[in-house]
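Topology and contacts: notes
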Amino acid sequence: MPIRTLLIANRGEIAVRIGRAARELGIRTVQAHSEADADSLAVQLADEAVEIGPAPASKSYLNVEAIVAAAKRTGADAVHPGYGFLAENPAFAQAVEDAGLTFVGPSARTIGLMGDKVAARTAAAEAGVPTVPGSEGRLESPEAARAVLAETGFPVLIKAAAGGGGRGIRIAHDEHEFDRLVHQAATEAQAAFGDGGLYVEKAIQHARHVEVQILGDGENVIHCFERECSLQRRRQKVWEEAPAVELRPEVRGQLCEAAVRLARAVHYKGAGTLEFLYDEAAEAFYFIEMNTRIQVEHPVTECVTGVDLIAEMLQIAGGAPLTHRQEDIPLEGHAIEVRINAEDPAKNFMPFPGVVQDLRVPGGPGVRFDTLLYNGYAIPPFYDSLLGKLIVWAEDRPKALARLKRALAELRVEGVKTTAPLHLALADDPQVQAAKFHTRWLEGWLEDNAHRLAETPGPAAQD
Amino acid sequence: MASQIVSPLPGTFYRRPAPDQPPFKEVGDTVAKGEVIGLVEVMKSFHEVTSDAEGKIAEFLVENEGPVQAGQPLVSVE
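This section reports on the structure supplied with the text. (Residues numbered from 1 in each chain as written. Chains lettered and ligands numbered in written order. Predicted model: local features only at pLDDT ≥ 70, side-chain atom pairs only at ≥ 80, totals over all residues. Heavy atoms only, no water.)

All told, the structure shown has 10 aromatic pairs over all chains when counted by the stated rule. Ring centres of Phe-437 of chain A and Trp-441 of chain A lie 6.3 Å apart, and the angle between their planes is 50°; this geometry places the pair in the tilted category. Here the two residues Phe-437 of chain A and Trp-441 of chain A agree in accessibility, since each one is buried. The side chain of Arg-208 of chain A reaches across the aromatic face of Phe-437 of chain A, ending 5.3 Å from its centre. The ring of Phe-60 of chain B has Arg-15 of chain B sitting right over it, with the charged end atom 3.7 Å from the ring centre. (Phe/Tyr/Trp six-rings, centres within 6.5 Å; stacked < 30°, edge-to-face > 60°. Buried < 20%, exposed > 50% of the residue type's maximum accessible area, 1.4 Å probe, protein only. Lys NZ or Arg CZ within 6 Å of the ring centre and 35° of its normal.)

Pasting the structure below:
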């Protein structure tokens, strides 16, 4: 049954984005918000707003009971979780369904399956989708390690099973180094995480991050091509593009087909993204994980395909089949998104909340700015620093870069520091212009260019 | 003479380094200049609050996990 009233259980720019898609479909919107977000743009644009708790996310946007109660109280028949917060929490999806409401996303079971790294890897292998060669789960013994090393070769990553977010990772270049590091790693993991379990994985040098957008209605699955998201700082994406220009058409076809196979194998329902490491030299891709939600960088896909991904999610959740066939999804031109964060690039990206004194939003052909900002808005310090996403589209990548620079020069966010100067400097960099980068490239670039960022007279850099 | 330690940033004030660890300081503890008395979380990143005063902690003016503004007094020191 089509959704009539949607509770938006998120905040910021994605709440604004979801509300827009819903209203275009004639769906009434209820914006759930914390005390600190009572004057947010998402609340102002919604048909109705409902408070779900105090400022800390743990008491509001992560409060399952409060959100479900708010949905029932306001007569919502569906809940959109956005990204982050509870978007990939199977217990939340289940609680929404148990309350007789529709969760805009896959089933709790699918979220749980794909959220478990080992289960997701197994599902990928069963669907014939390549994964990074390595140990199947934990290393049981040194002998088991030998067998795995024969498969992975060197260099190899030694990871703490209980680690995450890049912590507890070591790289070994030969067997001697492996023997030494594996003991160190086990001791350290035991001390840091109370669990000395390790697993090993082939180290892919200069890997790129490439991901495929898929849409499924539980029966059919289509892809909306890929995004290139290698420009990252501390494993957070800062700049995303579509398509990935490094892919030859044949490789693109294989990658997207692999993503569809895996999504179809789990009867995927909704919008999802399959993330891959891409070894450019070998033209090989390896599945790493699936995100069972909409992603921050979804607009670049919308720009090159013309598909409204949020509208698709809402229609699928309302019981409709996919509105597009695979052959109807075009791939046209090139799109780039840059994240405008309230951080000072001149001061090691120190968060910089404040009051927006003067906001000038870029416009003109091929420019989109998804934001939570308005003039006079006091940016709360309690949530992440994403203020908006500047997205540009043009017929090809060089034109998109020129348009990005033009649009960044038009953007003014007085009263706070933003990451706009970083993006201006990146757009001018020859390596970026040649699309020659990998997931660790930006960290090195930032070390080499720190002084340049301090001097860059960005649009928001004057006090 | 009483003095105050103020928050350098707006955000959420934490008295403990981690939820399962004891507070950095309790009322009655002595504090030296440069010592960490708490954390302020701003936009999901954590910043240490160091004391610019020395003496004995008389009172915490903001509760653990309470919202704070930049420049808001967190602790009074005598």
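There is more to say, and it comes next.
Residues and elements named next belong to chain A. The tally for this structure, following the rule as stated, stands at 38 salt bridges over all chains. Across the pair Arg-138 and Asp-195 runs a salt bridge whose closest N-O atoms are separated by 2.8 Å. Here Arg-138, found in the loop between α6 (117–126) and α7 (142–152), pairs with Asp-195, found in the loop between α8 (175–193) and β8 (198–202); they are 57 residues apart in sequence, far enough to count as distant. Here Glu-297 makes a salt bridge to Arg-339, at a shortest N to O gap of 3.1 Å. Here the residue Glu-297 occupies a position in the loop between β13 (284–291) and α10 (298–305), and Arg-339 occupies one in strand β14 (residues 334–341), the gap between them amounting to 42 residues. As far as the burial class goes, Glu-297 and Arg-339 line up, both buried. Three or more residues joined by partner-sharing salt bridges are found here, namely Glu-211, Arg-227, Lys-237, Glu-240, Glu-275, Glu-297 and Arg-339. (Salt bridge = Lys/Arg side-chain N within 4 Å of Asp/Glu carboxyl O. Helix = DSSP H or I, 4+ residues; strand = E, 2+ residues; numbered from the N terminus.)

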